[in-house]
Amino acid sequence: MTRVNILHNHITQQAAEFTYLASYTCKTNRKIKPAKNIKWNPPTALCYKLNIDGAFSANTTGIGGLIRNFNAEWILGFSGSAPHDSTIFAELYALTHGLKLAYENNIAPLEVDVDAKDLILLLHSQNIDFSNLIADCRYYLGQLGNPVVEHAYREQNMIADQLAKAGHNFGKEYLPRVFENAETINSNDEGKKFHLASKKQHLSPHRELRVSC
């Protein structure tokens, strides 16, 4: 092997070692972001928060949601089935019933959280396919003082998700069941299981829960 070849091999080996060490240094110096401990955010003091969700599967569709106060106490919840259409239809259907529940029971001022960004965009669109549901949502939002519908992470919406999944069991009973009583949900325990105290509750219309925010 000539001196030129030996020198070439030596340079190539050094270059390979440098590339490896540089890559290793970048990996070891890269900051690892800690997992976020995302929790449900309570509403502003003296206000209420509505969380809703839709659960769409191959054969059935469920909807669910709940309203809590600023102390994370359960005010009203609902769960039921919905016509089998699409994921976004389920979200819209759930939002319509959640807003209607708040309006009929005078639960205001209200904040609204959903975990589907497409749903928020849809409320500001002129979509023809879901025009009736969009119109219903806009109507109830207007009656409730036009609360802003905001996005929440899925981890912040776990109780509504559980209620929506429970709705799969209600067959074609498209009138959601309303629950006035349930185990008090602490804002730090958003992901825990809960017990519904009643199978079905009929509420007195226009119950006075309106306060100033």
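The following refers to the structure shown. A quick note: this is a predicted structure, and the numbers were derived from the prediction, not measured. Each chain has its residues counted from 1, following the order in which its sequence is written. Where local features are concerned, this predicted model is filtered to residues with pLDDT of at least 70; where side-chain atom pairs are given and counted, the filter is 80 or more; whole-chain, interface and lining totals use all residues. The side-chain figures draw on all heavy atoms in the structure; neither hydrogens nor water molecules are used.

Let us look at the packing of aromatic side chains. By convention, a stacked pair of Phe, Tyr or Trp rings (six-membered ring in the case of Trp) has centres within 6.5 Å and planes under 30 degrees apart, an edge-to-face pair has planes over 60 apart, and any other such pair is tilted. One pass over the structure, following the stated rule, counts 5 aromatic pairs. Consider the rings of F89 and Y93, whose centres lie 5.6 Å apart with planes at 25°: the pair is stacked. Of this pair, F89 and Y93 both sit in helix 2 (residues 87-104), separated by 4 residues, roughly a single helical turn. Y93 carries the same exposure label as F89, and that label is buried. Every helix listed is a DSSP run of H or I at least four residues long, and every strand listed is a run of E at least two residues long, numbered separately from the N terminus. Residue exposure (1.4 Å probe, protein chains only): buried if accessible area is under 20% of the type maximum, exposed if over 50%, otherwise partly exposed.

On to unusual backbone geometry. P109 follows A108 through a cis peptide bond whose omega is -5°. Among the structural elements, P109 can be located in the loop between helix 2 and strand 4 (110-114). One non-glycine residue, A72, adopts positive backbone phi at about 65°. Mapped onto the elements, A72 comes out in the loop between strand 2 (61-69) and strand 3 (74-81). Positive phi is not limited to glycine here, since N106 has a value of about 50°. As for its position among the elements, N106 is in the loop between helix 2 and strand 4. On the accessibility criterion, N106 (14% relative accessible area) is buried.

In this section: the pairing of strand 3. Buried residues dominate strand 3, accounting for 8 of its 8 residues. Note on pairing: two strands pair once DSSP finds at least 2 bridges between them. With 7 bridges connecting them, strand 2 and strand 3 associate as antiparallel partners. Paired with G62 across the bridge in strand 3 is S81. Between strand 2 and strand 3, which follow one another and run antiparallel, lie 4 residues, and A72 among them has a positive phi close to 65°. Bridge analysis of strand 3 against strand 6 (residues 177-179) gives 3 bridges, and the strand direction is antiparallel.

Let us look at the sheet that holds strand 6. Taken together, 6 strands build an open sheet; the order of strands is 5-4-1-2-3-6 and the sheet is mixed. Each having just a single partner strand, strand 5 (149-151) and strand 6 make up the two edges of the open sheet. If you compare each strand with its neighbour and ignore which way they point, the axes differ by 20° on average. As judged from the 3 bridges shared by strand 4 and strand 5, these two strands associate in the parallel manner. Each axis is a line fitted through C-alpha atoms, and for a helix only the stretch in contact is used; angles between axes span 0 to 180 degrees, taken between their N-to-C directions.

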